[in-house]
Structures are given as structure tokens and as C-alpha cells.
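Close look at the chain arrangement
Now for the letters of each chain:
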Amino acid sequence: MCTGKCSRFIALTLYPLAVLSIICNIVLFFPGGEVKYAKDGHITEEVKYMGGLVGGGLMVLLPALHIHLTGSKGCCGNRCGMLLSIVFAAVGVAGALYSFIVAVVALQNGPLCKVLLIWSTPFKNGDQKYLTDDTWWGTCTEPKNMVQFHIGLFATLLATSCLQLILCATQMINGLVGCLCGTCRDKGVRRSSAHLHLKPPAGKF
């Protein structure tokens, strides 16, 4: 596949992933669809790190835009654009990695919820495997369905960040190939020029 076409494919795939990460992070601030928990500060600590909003969102969206523009110039863009795309893709890798780490920690510690009358993180440093054993989910009495809410959104962020990592790392390799080996656009220009030089003048035959 041409490096420019590959860049466009990667960028168009990163756009929805970045938007999904932002949406998941925003929704996490409103467990149970209620605003009161955010107002009272009863939000899981890892949500405040905004791994999906900043890491998997903005830090991936910006590279996706540059990568898309790089791939839009002719067939493959140019060597300078490909070189810069490596730098931007590295920013995307860092953002996706941050989102990944936050999601892993959040799933490991579990949600902040009310247990009887006390707000706590009941699954943090515990032996119970709450991720696979739903018999423990009833431990959280408020917000409603808090454990399912927590697992569902952070698992989505985890999967999304993994895809973003793969795509951004692929673009770093793709950009390096385009920078070192040239672009299809450049080759096409050279072929066209050579063809014009070889074409005999009109009226000679």
C-alpha cells in the first residue's frame, strides 16, 4: 500500500477512536446519569486523570489531523510531511499509552461508590476478582449499577487505547518508509517528466 494511502487510512480510523475516548471520559463524570455525584466530589479518582479526554482524545486527535493532511497531498504527500508525521504519531503513542495506563489502574482499583453509608473504593487492593465475579457487584449500593458502568467504560477506553497505540506506531513506521524511500507522488512526477522527454515532436513522421 502507498504510504500516503496508508496515512489516510490510519487518520480516518483514529478520528472515531479519539471521539469515542473523549465521550467515554465525559460520561464517566456522571455515574448513573446524575450530576450530583460530580458536584459532591464522589467521582472515581482515575476519572479525574482524564486519560480518555486528554490522552486518547486530544493527544491522538491532533496527530490524526496532521497525518490525514500529510496523506492528502497527491498520492503520498512529501518527505518533510512524512518526517513530521513520525513526530506527531509519537505524540499519539504517548497519549494512547497514558489512556491505557489510566484505564488499567482504574479497572484494577475499581470504582468509588457508597458501601452502606460510607463512600469508599471497596475493591481496591482486595482479593476478590470483581471484574469476572458479579456476585461482588452488589457491594456498591450507590450510584445504581456503578460497577457495570465503571467496567464498561474503562474497558472501552482500554480497547480504544490499544488500537490507537497500534495505529500510531504503524504510522511512525509508515512515515519513516515514506521519508527514506520517497513518495509515490515523486515517482509519478519523474515518470511523467521522462515520458514527455521521450515523446517525439509532432510532425516528424
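Residues numbered from 1 in each chain as written. Predicted model: local features only at pLDDT ≥ 70, side-chain atom pairs only at ≥ 80, totals over all residues. Heavy atoms only, no water.

**Some words on the overall build of the chain**
For the chain, the count of helices and strands is seven helices and two strands. Walking the chain from its N terminus toward its C terminus, one meets helices and strands in the order α-α-α-α-α-β-β-α-α. Sorting the 205 residues of the chain into buried and exposed places 38% on the buried side. A separation of at least 24 residues holds for 76% of the contacts in the chain among residues at least 6 apart in sequence. Accessible surface for the chain amounts to roughly 11,100 Å². Of this, 69% is attributable to carbon and sulfur atoms. (Helix = DSSP H or I, 4+ residues; strand = E, 2+ residues; numbered from the N terminus. Buried < 20%, exposed > 50% of the residue type's maximum accessible area, 1.4 Å probe, protein only. Contact = heavy atoms within 4.5 Å. Areas by Shrake-Rupley, 256 points an atom, 1.4 Å probe, with all protein chains shown as cover.)

**With respect to the packing of aromatic side chains**
Scanning the entire structure with this criterion turns up two aromatic pairs. For the ring pair Phe123 and Tyr130, a centre distance of 4.5 Å and an interplane angle of 10° mean the geometry is stacked. Both residues of the pair, Phe123 and Tyr130, count as buried. (Phe/Tyr/Trp six-rings, centres within 6.5 Å; stacked < 30°, edge-to-face > 60°.)

**Regarding the UniProt feature "transmembrane region" (unreviewed entry) in the chain**
Here the UniProt-annotated "transmembrane region" (unreviewed entry) positions come out as residues 12-30, 50-69, 81-107 and 147-167. Between the end C-alpha atoms of residues 12-30 there is a gap of 29 Å, over a span that is 89% helix and 0% strand. Along residues 50-69 one finds 95% helix and 0% strand; the C-alpha atoms at either end are 27 Å apart. (UniProt positions renumbered as here; feature names shortened; annotations may be inferred.)

**Remarks on the pattern of salt bridges**
Between side chains of opposite charge, a pair can form when the charged atoms approach closely. Overall, the coordinates contain three salt bridges when judged by the stated rule. Among the ionic pairs, Lys48 bridges to Glu45, the shortest N-O distance being 3.8 Å. Taken together, the positions of Lys48 and Glu45, both in helix α3 (residues 45-48) and three residues apart, correspond to about one turn of that helix. Here Glu142 and Lys114 are joined by a salt bridge, their closest N and O atoms 3.4 Å apart. Pair noted here: Glu142 is in the loop between β2 (118-120) and α6 (146-181) and Lys114 is in strand β1 (residues 113-115), with a separation of 28 residues, a long-range link. Each member of the salt-bridge network shares a partner with another, and the members are Lys36, Lys114 and Glu142. (Salt bridge = Lys/Arg side-chain N within 4 Å of Asp/Glu carboxyl O.)

**Observations regarding the state of the cysteines**
Applying the stated criterion across every chain yields a total of one disulfide. Between Cys113 and Cys140 runs a disulfide, and the two sulfur atoms are separated by 2.0 Å. Here the S-S torsion is close to -55°, and the disulfide linking Cys113 with Cys140 is therefore left-handed. Of this pair, Cys113 sits in strand β1 while Cys140 sits in the loop between β2 and α6, and the two are 27 residues apart along the sequence. As far as the burial class goes, Cys113 and Cys140 line up, both buried. (Disulfide = S-S within 2.5 Å.)

**Observations regarding the side chain of Ser85**
Here Ser85 is to be found in helix α5 (residues 79-109). For Ser85, the contacting residues outside a window of four places in its chain are His66, Ile67, Thr70, Gln171 and Gly175.

**Points about unusual backbone geometry**
Residues Glu142 and Pro143 are joined by a peptide bond in cis, for which omega reads -5°. Within the element layout of this structure, Pro143 appears in the loop between β2 and α6. One non-glycine residue, Met50, adopts positive backbone phi at about 50°. Following the sequence through the fold, Met50 ends up in the loop between α3 and α4 (51-72). The phi dihedral of Leu116 falls on the positive side, at around 60°, and the residue is not glycine. Relative to the helices and strands, Leu116 resides in the loop between β1 and β2. Its relative accessible area of 70% is what places Leu116 among the exposed residues.

**Things to note about the nonpolar core**
Residues Leu28, Val147, Phe154 and Leu157 are the most contacted members of the largest nonpolar core, which totals 20 residues. Mapped by element, the contributors of at least two residues to this core are α1 (3-28), α5 and α6. Per element, the largest residue contribution to this core is seven residues, and it comes from α6. (Core = buried A, V, L, I, M, F, W, Y, C linked by side-chain atoms within 4.5 Å.)

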